[in-house]
Amino acid sequence: MATRNPEEELLDSNVQVIDPGPDSILGPGHNYGTVSDRISGVVYLPWKNTPKKWMLGAFIAFCFVNLLMLAVGLLFFKGTGIWGLNIPVAWGFAIINFVWWIGIGHAGTLISAVLFLLKQDWRTSINRFSEAMTLFAVACAGMFPILHLGRPWLAYWLFPYPNSMWLWPQPRSPLEWDVFAVSTYGTVSLVFWYVGLLPDLATMRDHAPKLWVRKIYGVMALGWRGSAIHWHRYQKAYLLLAGLATPLVLSVHTIVSFDFAISIIPGWHTTIFPPYFVAGAIYSGFAMVLTLIIPLRSWYKMQDLITMRHIEAASKLMLGTGLIVAYGYSMEAFFSWYSGDKYESFMYWNRVTGPYGFTYGLLILCNILIPQALWVRKVRMNLVLVWLISIVVNIGMWLERFVIVVTSLHRDFLPSSWGIYVPTKWDWATYAGTLGFFMLLIFLFVRLLPAISIFEVREVVHHEKQLEAVHD
Amino acid sequence: MTETTLSELPGIHGAMAEFDSPEALIEACEQAYAHGYRRMDAFAPMPVDGLAEAIGFKRNNVAKAVLIGGICGVSGGFGLLYWITGVAYPLNVGGRPTFSWPSFIPITFECMILLSALTALVSMLAMNGLPKPYHPVFNVPQFTAKASRDGFFLVIESSDPKFGRAETLEFLSEIGGMEATLVPA
């Protein structure tokens, strides 16, 4: 196998890169071997042949990681005063970005676990990538509450462990629930991702052109050899992990919404928050999947593995979850009026017409009005438009968290406590830095690991062969 | 493996042959099982329905292990919270009960998921005997080249009572196996 030139495999493989259109999840002419070579070829590509766009993208992302280091370093040195936080708006960017990032992660779990349980085989080509996205988004999300602590180096105090102070965290607080929810979510996402990778790491080990590369993948593959009995236990474990990840993803964003809903702040204290947060999380996650996957599939010439079928299905799910979010917004408005509570109705009126009214207007435009274009099939079939709409939705979902956090807090119960929140350049630097961190991890992931689940695409090939046999 | 080394090999793991499709492999496994072989293993680059059953695999204990893990998670998580709020650090907040179990549910639930998921990973690996850095099947060059790509293999192990070097190789060829060969231990 060492004689195979991976670059040739990628670029002039005898299987042509043909997008089969919205009706098929796999291009024509593939067999078990070609899908393996195509997907692993991307990783085996010599460094000097790495696509220029990858180099440029990774470099820009790396620069933003440095910005993050700078912003966090200064935060450790000076404290949260460098951010725009103050009473009454004490949550600000830290919590906005935390909720935004963790929401983005949720689509990854939805694609890999929920669509697996529902036997949606189009998930196969994008589940690995989405799981990686989940993992990296959770890493970014986890940073914010810790940086927000004031003394981030004492973050381990959040966990219940025997200590000489004989102090324990308060397990009745939603913030403590969050510690458990997010750390469990991060761990389970990692386990799920690694279990999915295991057989593919064995493929990478067996076909790597260089010995040292083979050794690295060999250690990670744990000696996987594809035994039928191993596969049997493997599938059972994978099914159980999918079954566990499904309620987990719902619980995590429910608990995130409890951070708000359990409080008595007007605009936060509502029962619609859990379902509306979960729908919003999946909405933003699908937007991020589309934002990332549309350019990547063309850079790496994967149009026959990630087809228009995948793009269209993700667009439809984005449209559907977006409508649930729209319902959430309308119910928020309705209940602020129907409750008859003057703080609630003032909050809503202030949200629409107050000093941050423009963010609410932009939110409705980005999250509700523009995505309706996806009803039109021609729009869903147009990669540029889908990509632009996915970015609009990402921005819209960020604005949603901004509106929820800031407009609910900045008008306190007493007018004497009213205030205005303006993020500082260090707020923006930290946020942009995590975006760079996320993108750098994504770039490294597609370069170093198979970004599409090879063995599951082999299963798709097998199913298509069985179908052909039936038709013959 | 050439014919000359066939009898010279000091120790062997078993006999291996390749089949050209998952369906052919399942059929071969069923024939080997019917012929009386019990200690054997089939290898495929992806999960194949019915393959493990064809070589006589019946008890998959991963789900039981995960159930035990989940029960440990629920009781451990709930017990921890009860102990923190009721025993180690009872805090009287406006006369409310220290054992306020409804507020323990979210963390208990997360502990259940966490322990179940970790058990699924660990039990799957442990029952499969992984990590295993060395295994004899990798001594066969065509196995290393194809087993994780597009090859379907059947190995009848030498510990099987019915195993005989020449007979088993012949049997594998008879049932349609390609390049039947011995696997050095």
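Remember, it's a predicted structure, so these values are computed and weren't measured experimentally.

K.L.:
Please set out the overall build of chain B residue by residue, giving values where relevant.
P.N.:
Looking only at helices and strands, chain B has six helices and four strands in total. Secondary structure elements of chain B occur, N-terminal to C-terminal, as β-α-β-α-α-α-α-β-α-β. Taken against the 2.2 N^0.38 rule, which gives 16 Å for 185 residues, the C-alpha radius of gyration of chain B at 25 Å runs more than 25% over that of a compact globule. Judged by the C-alpha coordinates and their principal axes, chain B covers about 85 × 30 × 30 Å. Relative to its full complement of 185 residues, chain B shows a buried share of 50%. Of all intrachain contacts in chain B linking residues separated by at least 6 positions in sequence, the fraction that spans at least 24 positions is 76%. Each charge sign in chain B was given a centre, from 11 positive and 18 negative side chains, and these centres are 13 Å apart.

K.L.:
Outline unusual backbone geometry, listing residues and values.
P.N.:
With an omega dihedral of 10°, the bond running from Ile-87 of chain A to Pro-88 of chain A counts as a cis peptide bond. Counting through the fold element by element, Pro-88 of chain A comes out in the loop between helix 3 (52–78) and helix 4 (92–117). A cis amide bond links Leu-130 of chain B with the next residue in sequence, Pro-131 of chain B, at an omega value of 0°. Along the chain, Pro-131 of chain B falls in the loop between helix 4 (105–127) and helix 5 (141–146). Of note, Lys-119 of chain A is a non-glycine position whose phi angle comes to about 55°, a positive value. Within the secondary structure, Lys-119 of chain A is located in the loop between helix 4 and helix 5 (124–147). A relative accessible area of 73% means that Lys-119 of chain A is categorised as exposed.

K.L.:
Can you break down the packing of aromatic side chains residue by residue, with the values?
P.N.:
Tallied over the entire structure, the rule returns 57 aromatic pairs over all chains. Aromatic side chains Phe-76 of chain A and Trp-153 of chain A sit 6.0 Å apart centroid to centroid with 55° between the ring planes, which places their arrangement in the tilted category. In this pair, Phe-76 of chain A sits in helix 3 while Trp-153 of chain A sits in the loop between helix 5 and helix 6 (174–207), placing the two residues 77 residues apart along the sequence. Residue class for Phe-76 of chain A comes out partly exposed when judged on its relative accessible area of 40%. Overall, Trp-153 of chain A belongs to the partly exposed group, its relative accessible area being 47%. Seen from their ring centres, Trp-168 of chain A and Trp-83 of chain B are 5.2 Å apart, and the 85° between their planes marks the pair as edge-to-face. Taken together, the residues Trp-168 of chain A in the loop between helix 5 and helix 6 and Trp-83 of chain B in helix 3 (residues 62–88) connect one chain to another. Accessibility expressed as a relative area gives 10% for Trp-168 of chain A, which makes it buried. Pairwise contacts between aromatic rings join Phe-93, Trp-100, Trp-101, Tyr-356, Trp-398, Phe-402, Tyr-421, Trp-428, Tyr-431 and Phe-438 of chain A into one cluster.

K.L.:
Describe the pattern of salt bridges, and please don't skip the residues or the numbers.
P.N.:
All names here are of chain A. Per the stated rule, a full pass over the model turns up 13 salt bridges over all chains. Between Arg-38 and Asp-304 there is a salt bridge whose closest N-O contact spans 2.8 Å. You can see Arg-38 sitting in helix 2 (residues 32–44) and its partner Asp-304 sitting in the loop between helix 9 (273–299) and helix 10 (308–338), a full 266 residues away along the chain. For Asp-304, a relative accessible area of 0% translates into the label buried. With its nearest N and O atoms 3.0 Å apart, the salt bridge here joins Asp-200 to Arg-128. With Asp-200 in helix 6 and Arg-128 in helix 5, this pair connects stretches of sequence that are 72 residues apart.

K.L.:
Go over the domain arrangement of chain B with me, naming the residues and quoting the values.
P.N.:
Assigned domains of chain B: these are domain 1 (10–58 + 134–184) and domain 2 (62–127). A separation of 45 Å is found between the C-alpha centroids of domain 1 of chain B and domain 2 of chain B.

K.L.:
Requested: an account of the interface of chain B and chain A, with residues and values cited.
P.N.:
Facing 60 residues of chain B, the contacting portion of chain A comprises 58 residues. It is Pro-47, Glu-110 and Arg-149 of chain B in chain B that bury the most area against chain A; as a group they hold 13% of the surface buried on that side. Our count for the chain B to chain A interface comes out at one salt bridge. Here Asp-37 of chain A ties to Arg-149 of chain B by a salt bridge, and the two come within 2.3 Å at their closest N and O atoms. At 15 residues, helix 4 of chain B tops the list of elements feeding residues into the side of chain B that touches chain A.

K.L.:
Please set out the environment of Pro-199 of chain A residue by residue, giving values where relevant.
P.N.:
Residues and elements named next belong to chain A. Here Pro-199 lies in helix 6. Overall, Pro-199 belongs to the buried group, its relative accessible area being 3%. Those residues in contact with Pro-199 that sit more than four places away from it in its chain are Trp-224, Trp-231, Tyr-234 and Phe-455.

K.L.:
Before we move on, can you summarise the packing of helix 8 (residues 228–261) of chain A against helix 9 of chain A with the specific residues and values?
P.N.:
Residue and element names in this part refer to chain A. Running from N to C, helix 8 and helix 9 point in directions that differ by 125°, and their axes come no closer than 8 Å. One element, helix 8, and the other, helix 9, form an angle in the oblique class. The two elements helix 8 and helix 9 cross, and the hand of that crossing is right-handed. Touching Leu-250, His-253, Thr-254, Val-256, Ser-257, Phe-258, Phe-260 and Ala-261 of helix 8 are Phe-273, Pro-274, Phe-277, Val-278 and Ala-281, all from helix 9.

K.L.:
Describe the pairing of strand 2 (residues 40–43) of chain B, and please don't skip the residues or the numbers.
P.N.:
Residue and element names in this part refer to chain B. Residue alternation in strand 2 divides its side chains into two sets, Met-40 and Ala-42 and Asp-41 and Phe-43, and both sets are buried. In the sheet, strand 2 pairs with strand 3 (residues 152–157) via four bridges, with the strands oriented antiparallel. In the strand pairing of strand 3, Met-40 is matched with Ile-156.

Conventions used here
- Per chain, residues are indexed from 1 in the order of the written sequence.
- Here chains are named by letter from A upward and ligands by number from 1 upward, in the order in which they appear as written.
- Local features in a predicted model are, by the rule used here, given only for residues with pLDDT of at least 70; side-chain atom pairs are given and counted only at 80 or more, and totals for whole chains, interfaces and linings are based on all residues.
- Note that water and hydrogens are dropped before the side-chain values are worked out from all heavy atoms of the structure.
- Helix and strand labels come from DSSP, where a helix needs a run of H or I of at least four residues and a strand needs a run of E of at least two; each type is numbered from the N terminus.
- Here the radius of gyration uses the C-alpha set of atoms, whereas the globule reference equals 2.2 Å times the residue count to the power 0.38.
- Burial here depends on accessible area, computed with a 1.4 Å probe over protein chains only, as a share of the maximum for the residue type. Under 20% is buried, over 50% is exposed, and the range in between is partly exposed.
- Throughout, a residue-residue contact means that at least one pair of heavy atoms, one from each residue, lies within 4.5 Å.
- When charges are counted, neither His nor the chain ends are considered; positive counts come from Lys and Arg and negative counts from Asp and Glu.
- By convention, the point assigned to a charge is CZ for Arg, NZ for Lys, CD for Glu and CG for Asp.
- Any pair of Phe, Tyr and Trp rings, taking the six-membered ring for Trp, is counted once the centres come within 6.5 Å. Such a pair is stacked with planes under 30 degrees apart, edge-to-face with planes over 60 apart, and tilted for the rest.
- Note on definitions: salt bridges are taken to be side-chain nitrogens of Lys or Arg within 4 Å of carboxyl oxygens of Asp or Glu.
- What marks off one domain from the next here is an automatic or database domain assignment.
- Put simply, buried area is how much 1.4 Å-probe accessible surface two parts lose in total, over both of them, once they are put together.
- Angles shown run from 0 to 180 degrees and are taken between the N-to-C directions of axes, each axis being a line fitted to C-alpha atoms and, for helices, limited to the stretch in contact.
- In what follows, roughly perpendicular refers to angles from 65 to 115 degrees, roughly parallel to angles under 35, roughly antiparallel to angles over 145, and oblique to any angle outside these ranges.
- In this scheme the handedness of a crossing depends on how the near helix is turned from the far one: anticlockwise by less than a right angle means left-handed, clockwise means right-handed.
- Two strands pair if DSSP finds at least two bridges between them.

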